[in-house]
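Notes for the structure review
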Amino acid sequence: MTSQNIYILAIESSCDDTAASVMHNGKILSNIVANQKIHEAYGGVVPELASRAHQQNIVPVVDQALKKAGINKDQLSAIAFTRGPGLMGSLLVGTSFAKSLAYGLNIPLIDVNHMQAHILAHFIDEADFEKPPFPFLAMTISGGHTQIVKVNSYFDMEVIGETIDDAVGEAFDKSGKILGLGYPAGPEIDRRAKLGNPKAYAFTKPKVDGLNFSFSGLKTAILYFVQKQVKANPNFIEEHLNDVCASIQYTIIGILIDKLKLATKQTGIKHIAIGGGVSANSGIRQALKDGEHKFGWTTYVPKFEYTTDNAAMIAIVGHLKYLEGNYADQSVMASARLKI
Ligand code: KG4
Ligand code: ZN
């Protein structure tokens, strides 16, 4: 990539994962993530507990990232950090830590937009996955976000569709909660969906214009459906759980694929890059692959550890901004609602 030795330390703390990564000239040397188990007991992320856990985890996680990379703090070229969007209390921990460290080492500070990072994760320099060519469409699907973005170049991106209420991961997690599954329920629904009939029950897809998404109506429809069935048969959930999971997953996949079809039609762009934890879903992966033959698109999926919340994706943005000399001022502030 360059004859210079560029070492970026990146920090991510936007939600409930404390993460740090070291990158050397676009290649990942370490990618450490501390998950916060505490939220499982509450069935969702509790912001106050998340910021406390970040404060506890941040130094050990950064220390581990540097050790695993085998480098010393003095070798770092810049510190990159997630400025937003995310939970304010969580963002503040990473932002303050990054500022202090950059100040102490007297090196550049680089602010990173978490949503851009999910997309630019595809450009981490690694042989196992292919980089999408510009322009491409990026679909970021996770517990916190659902967006379709038109990506013209590294820093020229336009959001062309997004959720107007819940994220797609929340649709999985909240449906799972109704069915009595643990949090997060996405992986369990995925596992059970493979054993069930996707057409056993029909749930109406939301009617949202254009490329925007809505998932809160689906959650309510599932709640009413389950309540009605349980009234008639108290064992309904135990007896039909796999079919219900398969039907929910089938509905969600249908919603995502319909919007992608529309996005490719509207933009004429047929390269689709996927990011976010929900991209682990086996049904979604299959539907995207099938679309390659059916609709003539090409899909790009990065390595899984770069697709859920992580700091490697923050590092690649830090690296690209470092090459442009695009640094943040020490007065930069975290921004919970930062836009692409
Ligand atoms: O990207 P991520 O780790 O964190 C953020 O939310 O930012 O995504 C977590 C989300 C959760 O909602 C989880 O249920 C969902 O990704 N998820 C899945 C699967 N694996 C994780 N959803 C469906 N199928 C899966 N296999
Ligand atoms: Zn994320």
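In this text, all values refer to a predicted model and were calculated from it rather than measured experimentally. (Residues numbered from 1 in each chain as written. Chains lettered and ligands numbered in written order. Predicted model: local features only at pLDDT ≥ 70, side-chain atom pairs only at ≥ 80, totals over all residues. Heavy atoms only, no water.)

Considering the domain arrangement of the chain
We note that the domain assignment places domain 1 (7-124 + 308-324) and domain 2 (136-301) within the chain. Distance between the C-alpha centres of domain 1 and domain 2: 28 Å. Counting residues at the interface gives 20 residues for domain 1, matched by 18 residues for domain 2. Of the roughly 1,600 Å² buried where domain 1 meets domain 2, counting both sides, 74% is carbon and sulfur surface. Three residues stand out in domain 1 for area buried against domain 2, namely M115, I119 and H122, and they jointly supply 35% of the buried area on that side. The tally of links from domain 1 across to domain 2 stands at zero salt bridges. Our count for the domain 1 to domain 2 interface comes out at three residue pairs in polar contact (both at pLDDT 80 or more). Secondary-structure elements contributing two or more residues to the side of domain 1 that touches domain 2 are α3 (114-120) and α9 (312-324). It is α3 that provides the largest number of residues to the side of domain 1 that touches domain 2, a total of six residues. Of the residues in the side of domain 1 that touches domain 2, the class split is eight nonpolar, eight polar and four charged. (Domains from an automatic or database assignment. Contact = heavy atoms within 4.5 Å. Buried area = accessible area lost by both parts, 1.4 Å probe. Salt bridge = Lys/Arg side-chain N within 4 Å of Asp/Glu carboxyl O. Polar contact = N/O pair within 3.5 Å; in protein donor to acceptor, adjacent residues only side chain to side chain. Helix = DSSP H or I, 4+ residues; strand = E, 2+ residues; numbered from the N terminus. Nonpolar A, V, L, I, M, F, W, Y, C, P; charged D, E, K, R; others polar.)

Considerations on the pattern of salt bridges
Applying the stated criterion across every chain yields a total of 14 salt bridges. Between D125 and K27 there is a salt bridge, with the nearest N and O atoms lying 3.0 Å from each other. Here D125, found in the loop between α3 and β6 (136-141), pairs with K27, found in strand β3 (residues 27-35); they are 98 residues apart in sequence, far enough to count as distant. A single salt-bridge network, built from bridges that share partners, covers D166, E170, K174 and K219.

Structural notes on the side chain of N310
In this structure, N310 sits in the loop between β10 (298-300) and α9. A relative accessible area of 0% places N310 in the buried class. Engagement of the side chain of N310 in a polar contact is seen with the backbone oxygen of T308, the distance being 2.6 Å. A polar contact is formed between the side chain of N310 and the backbone nitrogen of A312, at a distance of 2.9 Å. Those residues within four positions of N310 in sequence are excluded, and the remaining contacts are E12, A19, N31, V33 and E305. (Buried < 20%, exposed > 50% of the residue type's maximum accessible area, 1.4 Å probe, protein only.)

With respect to the site of ligand 1
Near ligand 1 there are 18 residues, and of these G143, D173, D190, G277 and N281 occur at the shortest range. Taking S142, its side chain carries an N or O atom lying 3.4 Å from an oxygen atom of ligand 1. One of the backbone N or O atoms of G144 is found 3.3 Å from an oxygen atom in ligand 1. Breaking the shell around ligand 1 down by element, the ones donating at least two residues are α4 (168-178) and α5 (186-193). (Near = heavy atom within 4 Å.)

Looking at helix α8 (residues 282-294)
If you check α8, its first and last C-alpha atoms are 18 Å apart, about what 13 residues at 1.5 Å a residue would give, namely 18 Å. When we look at burial in α8, the residues that qualify are G283, I284, A287, L288 and G291. The buried residues of α8 occupy an angular sector of 135° when projected down its axis, which confines them to one face. Here the buried face of α8 lies against β6, α5, α7 (236-267), β9 (271-275) and β10. The backbone nitrogen of G283 has a side-chain oxygen 3.0 Å away, supplied by the residue at the start of α8, namely N281. Looking at the residues trailing α8, positive phi occurs at G296, about 75°. (Expected span 1.5 Å × (residues − 1). Arc of directions from axis to C-beta.)

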